[in-house]
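# Remarks on the overall topology
What follows is each chain in one-letter form.
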Amino acid sequence: MISKSFSFVEELFPSQKWQAHYEESCSAYRKWFLKEGELNRPNYLQCERMLRRHMPELIPIWEHLVNLAGGDDLTARLLSLYCPTPYVSACSQAVWTRYSPVLIRNYDYTPSRCEGLILKSKWHSTQVIASIDCLWGVLDGMNEHGLIVSLSFGGKNEVGKGFGIPLILRYILEFCKTTQEATDTLCRIPSHMAYNITFMDAQFHVSTIEISPSSPPEISHKPFAVNHQGGFSLNNYATFSKSYEREHTLITQLSDPNTTLESFITAFQYAPLWNTNEDPNFGTVYTAIYNPSAKAVEFRWPHQIQCTQSFARFEPKDMEVHY
Amino acid sequence: MLNHFLRLRELWKSNTIPLYFVSPTPFNLLGMENLIGQFQFISYIDTFDKRHPKVYIPPRTLTPVFNHLEEINYYLLSHKRVIEKIKRDRKPLSSQDPASKVLFLFFDPTIEEVVKDLQMEILFPSHEDRTKHDNKLDITQLATKVGVQSVPHVIAKVRSYRMLTQLAKRHNLGQSLVIQSAYGDSGKTTFFVENEAQYRQHAQDIETEDQVKVMKKIRCLSTAMEACATASGVYIGPLMRELIGIPELTPFKGGWCGNDLTLEAFSPDIRQQARVMAEKLGKALYKSGYRGYFEVDFLLDQDSNTLYLGEVNPRLSGISAMTNLSPFAQETVPLFFFHLMEWTQTPIQLSAKTFNDRVVREGAKGQTGQLILKYTAPDLRILVSAPATGIYTLDPKGNLILKKLTSNRLHAKNPDEIFLFRIMNTGEYVYKGADLGIVFINGTLLSPTYKLTKAAKMWITAVKHAFVFRELTEEETALVDRYQTPGSILKGD
């Protein structure tokens, strides 16, 4: 059995709590950053230039975080998330659109590498609750305007020049209010790998965008995403992550008149959506259910463990879960 | 004239605009930090063990492997700490003040872009202009046009051995030929051809070139000189002998491995010849758009005692430290000052003729030399002990004794002292041709027949003993397979 701890933390502006989190995670991140050799990562000047070109509003907070993290060259480059070391995850996500729409997603990754931090912040003028990746990026999250973002890996091996998707999602939650704004922003910022991103806003506008470094974004109103893009193309990754099987389950569930919200959410807790790969190092790490009307999020784990948080009531806590 | 020198020294001592030499080590402009205000080194290799307040080495996590010198300079200038430092150094100045300045041994368009981004100015002609003047064939033609003689040669397209022999015959170049391409390392793009078999070995390299320079092979001695082309004329440095291919120092046949600066080395007539040739070249370079510092290799034909142009390197060079730290430069001014003046539009009051007259007379006075010590064995090893940079003497048994840790070459004053500038350090992998260190000597290194003197041999043995190596473990060998061997970081031509 694997155990994993999750922390729900409120720190409106990054300070000691973020710093403590950085210190705990930094050695693993530095190792990751240097995995392909230092010169294969862009230098400080390029990182700064690219941030300035694509997400200039993030520069002050980036500089602040870099200082909190000790201010060295490598940390600044790492935190810019420009052309980071390639990595893969899986994930399923879907939007339940009947009556009270919610976005449900399973985050599939290596549990020990998931940061396990759900942070409530207000770095700019908007409050954000998000599951953190890459120290300040976002795997899934919501802002006070009710905009919800969630990523799943696009299943392609391509790597291009662009930013790590968690930072682009962070940028969107910090500065966008609607699905339309989020979609426009996502489409103009280069991502270094392929992802399927789903947005939903307080007006329940949904869009799923397939982005990849080699082709223009594919915008659709599909209310779900798994780990392949376009039509059927069998690749190792989609097979490994049972992407088509999960897609089929999502479509069946969403179109079955007998499915209720609760039974739909429950489906995320069982195979094939809940990913229990034979490899103990890879599987579903959590289920998150975002509700844009209530501006609340519920996290669920096996064995009936759950935790609900909202902008109105955010309770800092640490939890230990077992898989 | 003395007054002039004093004024020039004061002028540069009180400089307030930050000026950086960005390079793997401070070697080429060693000592300039003591003469020029706000002059600093941004280096990659910690040659002074962090003891030098004017050397900045940005902290690094790993040891990246670079393929070119330009990559190191690019790495340095793109580093967060370096950028912050450059901005910090700028703070006391107002926006009206001139831009911060930067010098390199080598740079490329990527670096030019970064420098522009950092709002600095490179004190050299653009990379494009430099490349143009680095073309060995063009320079030969330019020199011929202004009356500077090269070794008998012809510049042509060579398609076959037959064509080569016909060319040689038509131009009286003899049986033994030296073939050179437009660009590249003189060691790697110079081919010696006496017969068809030798030609075949290099045929592909020769025939892919649009044109090559086919020269008569002469029995020659190598010499070098630096000069500076300015609006007020061409200022020269002293002519020195080059140490080439000495097996104790370098594994490369024909590889540069040191210099020797003494008055006895050349007759006044040869010195005057070199001066005139350098002046003509400098004027021609200036007219075609190259301003400032350059180096010239001359070949002294032992049979005819004629001085020929070897090649021109439009940049700082491996003899810059010798030129600018020579006893003559200490009494007068370093040649490098003229480069700074040209590039900062500071009027030069000193006539080039007066200065050059004096250089020809006294430029080589005192006895100084440098030895470039490379790792000569073929197998990769790890350094387990390396001497720190400083002044050393010898004990009666011929072992190196540390006298003083210092970064100042001029602290070694006597013939029984050397200044050892260490490059490779303990724990580093050394490969064939790696630069271990540079030995600055107060004495003559070469006999009149260009053989190492007894003193030079003694120092080489002692310094070599001070570098201790061990073999690689199996694990280290496996690790190394991923690495490539970088070239010399010092001269690179």
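## What about the overall build of chain B?
- For chain B, the count of helices and strands is 15 helices and 23 strands.
- By the compact-globule yardstick of 23 Å for 493 residues, chain B fits well, its C-alpha radius of gyration being 22 Å.
- Here the C-alpha coordinates of chain B stretch approximately 65 × 60 × 50 Å along the principal axes.
- Burial statistics for chain B: of 493 residues in total, 45% are counted as buried.
- Sequence separation of 24 or more characterises 67% of the internal contacts of chain B that already satisfy a separation of 6 or more.

## Some details on the interface of chain B and chain A
- Contacts between the two partners involve 13 residues from chain B and, on the opposite side, 12 residues from chain A.
- Taken together, the elements giving at least two residues each to the side of chain B that touches chain A come down to α3 (80-90) and α4 (109-117) of chain B.
- Here the side of chain B that touches chain A gets 3 residues from one element, more than from any other, and that element is α3(B).
- Among the residues making up the side of chain B that touches chain A, the classes are represented as 7 nonpolar, 3 polar and 3 charged.

## Observations concerning the domain arrangement of chain B
- Here chain B is partitioned into domain 1 (2-128), domain 2 (152-216), domain 3 (219-362) and domain 4 (368-480).
- Between domain 2 of chain B and domain 3 of chain B, the C-alpha centre-to-centre distance is 28 Å.

## Examining the packing of helix α2 (residues 69-77) of chain B against α4(B)
Residue and element names in this part refer to chain B.
- Relative orientation of the contacting elements α2 and α4 amounts to 20 degrees, with a least axis distance of 10 Å. The angle between α2 and α4 falls in the class roughly parallel. The interaxial crossing formed by α2 with α4 has left-handed handedness. Contacts between α2 and α4 involve Glu70, Asn73, Tyr74 and Leu77 on the former and, on the latter, Thr110, Ile111 and Val114.
- Partitioned by chemical class, the residues of the contact of α2 with α4 number 4 nonpolar, 2 polar and 1 charged.

## Concerning the nonpolar core
- Among the nonpolar cores identified, the biggest contains 216 residues, and Leu79(A), Val149(A), Met225(B), Ala227(B), Leu371(B) and Val439(B) are the most heavily contacted of them.
- Looking at this core, the element that brings in the most residues is helix α5 (residues 165-175) of chain A, giving 7 residues.
- Setting aside residues no more than four positions away along its own chain, Val149(A) makes contact with Val138(A), Asp140(A), Gly141(A), Leu169(A), Ile172(A), Leu173(A), Ala182(A), Ile197(A) and Phe199(A).
- If you look at the next biggest cluster of nonpolar residues, it comprises 11 residues, including Leu173(B), Leu177(B), Val193(B) and Tyr199(B).

## Some words on the sheet that holds strand β8 (residues 190-193) of chain B
All names here are of chain B.
- One open sheet accounts for 4 strands, arranged β6-β9-β7-β8; its pairing is antiparallel. Looking at the sheet topology across the chains shown, the edges are occupied by β6 (153-156) and β8. Looking at each pair of strands side by side, their axes are set apart by 20 degrees on average, direction ignored.
- Pairing between strand β7 (residues 177-180) and strand β9 (residues 212-216): 4 bridges, direction antiparallel. Bridge pairing in β9 places Val178 opposite Met215.
- Sheet contacts for helix α7 (residues 161-170): β6, β7 and β9; angle to β9, the most-contacted strand, approximately 55 degrees.
- Sheet strands touched by helix α8 (residues 196-208): β7, β8 and β9. Its angle to β8, the strand with the most contacts, is close to 150 degrees.

About the thresholds
Residues numbered from 1 in each chain as written. Chains lettered and ligands numbered in written order. Predicted model: local features only at pLDDT ≥ 70, side-chain atom pairs only at ≥ 80, totals over all residues. Helix = DSSP H or I, 4+ residues; strand = E, 2+ residues; numbered from the N terminus. Rg over C-alpha atoms; globule rule 2.2 N^0.38 Å. Buried ≥ 20, exposed ≤ 12 C-beta atoms within 10 Å, placed from the backbone. Contact = placed C-beta atoms within 7 Å. Nonpolar A, V, L, I, M, F, W, Y, C, P; charged D, E, K, R; others polar. Domains from an automatic or database assignment. Axes fitted to C-alpha atoms, helices over the stretch in contact; angles between N-to-C directions. Parallel < 35°, antiparallel > 145°, perpendicular 65-115°, else oblique. Left-handed = near helix turned anticlockwise from the far one by under 90°. Core = buried A, V, L, I, M, F, W, Y, C linked by C-beta atoms within 7 Å. Pairing = 2+ DSSP bridges.

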